[in-house]
Amino acid sequence: MAKAGTKGVARAQRERQILDIAGRTFAEHGYAGTSLTTIATDAGISKPLIYNYFGSKQGLFSACLTRAGETIAGVIEHTADLGHVGPEQAILSLDRIFTALHGQTWMWRILRDPTMPTELTDQRTHYEHRMHTVGAQGVADMLRKADNHDPLDASALTAAWINVFDALVTWWTDHPTQTPTAMTHRAARLFTTVFGPLDLDELPLNNR
């Protein structure tokens, strides 16, 4: 693929390339530890071009955050529409996330950057809310199937599920040698330990 600074690259393609490079740098060093000079050098472009496209360092981070949030929340929402319930939905969601983030785990990391400007926390919260809404609905469906209608049970289990999901994906981003396929099977083994046997052959997995 041509570098972002290559002559003749279309603007949309150049923007995607800049976001890939910037996202990886932000994920590695955090917003506070990242300079536009480094991003411009890595992308093979000038700093004024970044200002022209994104307005500022904060604008560039916001664009990275949008791309990451839309990708991750979109995958989770789409997976929920497949109609599976309980641990099967959990495995499918993880499977799709491992596929979507393969080679671009920066998307997961920048959503959790503690150094991002406070002006952008509402943007992050928007995507977290979309993801957590899907998790809460999945938990409600699972409990309803078990004839459990206790709202506090639903609240507690939703909190537990969100933390387990986040921990597994974060663990994966900390172990880059682990392939999406290996992670899908690892998650399945762990869920089998907790929930009992799962019939993976009945699930439309990306990573087999």
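On a predicted model such as this, the values are computed, not experimentally measured, just so you know.

Student: Any chance you could break down the overall build of the chain for me, citing the residues and the numbers?
Tutor: Secondary structure assignment for the chain yields nine helices and zero strands. Traced from its N-terminal end to its C-terminal end, the chain shows the element sequence α-α-α-α-α-α-α-α-α. Each principal axis of the C-alpha atoms in the chain carries an extent, and together these give about 60 × 35 × 25 Å. The buried share of the chain, reckoned over its 208 residues, is 43%. The contacts of the chain with a sequence gap of at least 6 include a subset with a gap of at least 24, amounting to 67%. When the accessible area of the chain is evaluated, it comes to approximately 10500 Å², of which 55% is carbon and sulfur surface.

Student: Break down the pattern of salt bridges for me, citing the residues and quoting the values.
Tutor: For the structure on display, the rule yields seven salt bridges. A salt bridge links Arg109 to Asp174; the nearest nitrogen and oxygen atoms lie 2.2 Å apart. Placement of the pair is Arg109 in helix 6 (residues 106–110) and Asp174 in the loop between helix 8 (151–173) and helix 9 (180–195), with a sequence separation of 65 residues. In this structure Arg109 comes out as partly exposed when scored by relative accessible area, which is 31%. The salt bridge involving Asp141 is made with Arg144; its shortest N-O contact spans 2.3 Å.

Student: Quick one: what's the story with the packing of helix 5 (residues 87–101) against helix 9, residue by residue and with numbers?
Tutor: Running from N to C, helix 5 and helix 9 point in directions that differ by 160 degrees, and their axes come no closer than 9 Å. One finds that helix 5 runs roughly antiparallel with respect to helix 9. For the pair helix 5 and helix 9, the sense of crossing is right-handed. Facing helix 5, whose interface residues are Pro87, Ala90, Ile91, Leu94, Asp95, Phe98 and Thr99, helix 9 presents Pro180, Met183, Thr184, Ala187, Ala188, Phe191 and Phe195.

Student: Residues and numbers for the side chain of Asp20, please.
Tutor: Inspection of the secondary structure puts Asp20 in helix 1 (residues 11–29). For Asp20, a relative accessible area of 17% translates into the label buried. With near-sequence residues (within four places) excluded, Asp20 lies in contact with Arg67, Gln104 and Trp106.

Student: Just give me the short version of helix 5, but keep the residues and values in it.
Tutor: Taking 1.5 Å per residue, 15 residues should reach 21 Å; helix 5 reaches 21 Å between its end C-alpha atoms and fits that length. All of the buried residues in helix 5 are Pro87, Gln89, Ala90, Ile91, Leu92, Ser93, Leu94, Asp95, Arg96, Ile97, Phe98 and Leu101. Contacts from the buried residues of helix 5 go to helix 4 (57–80), helix 6, helix 7 (121–145), helix 8 and helix 9. At the C-terminal side of helix 5, Gly103 shows a positive phi close to 85 degrees.

Student: Tell me about the packing of aromatic side chains, residues and numbers included.
Tutor: Going through the model one piece at a time under the given rule, you end up with eight aromatic pairs. When the centroid spacing of 6.3 Å and the interplanar angle of 50 degrees are considered together, the rings of Trp108 and Phe165 count as tilted. With Trp108 in helix 6 and Phe165 in helix 8, this residue pair connects regions lying 57 residues apart in the sequence. The residues Trp108 and Phe165 share a single accessibility class, namely buried. Centroid distance Trp161 to Phe191: 6.1 Å. Interplanar angle 80 degrees. Geometry classified as edge-to-face. Of this pair, Trp161 sits in helix 8 while Phe191 sits in helix 9; the two residues are 30 residues apart in sequence, bridging distant segments of the chain. The burial state of Trp161 is the same as that of Phe191; both residues are buried. Grouped by ring-pair contacts, the aromatic residues Trp108, Trp161, Phe165 and Phe191 constitute a single cluster. Over the aromatic face of Tyr31 sits the side chain of Lys57, whose NZ or CZ is 4.4 Å from the ring centroid. Sitting over the face of the ring of Trp108, Arg112 holds its NZ or CZ atom 3.6 Å from the ring centroid.

Scoring rules and cut-offs
Residues numbered from 1 in each chain as written. Predicted model: local features only at pLDDT ≥ 70, side-chain atom pairs only at ≥ 80, totals over all residues. Heavy atoms only, no water. Helix = DSSP H or I, 4+ residues; strand = E, 2+ residues; numbered from the N terminus. Buried < 20%, exposed > 50% of the residue type's maximum accessible area, 1.4 Å probe, protein only. Contact = heavy atoms within 4.5 Å. Areas by Shrake-Rupley, 256 points an atom, 1.4 Å probe, with all protein chains shown as cover. Salt bridge = Lys/Arg side-chain N within 4 Å of Asp/Glu carboxyl O. Axes fitted to C-alpha atoms, helices over the stretch in contact; angles between N-to-C directions. Parallel < 35°, antiparallel > 145°, perpendicular 65-115°, else oblique. Left-handed = near helix turned anticlockwise from the far one by under 90°. Expected span 1.5 Å × (residues − 1). Phe/Tyr/Trp six-rings, centres within 6.5 Å; stacked < 30°, edge-to-face > 60°. Lys NZ or Arg CZ within 6 Å of the ring centre and 35° of its normal.

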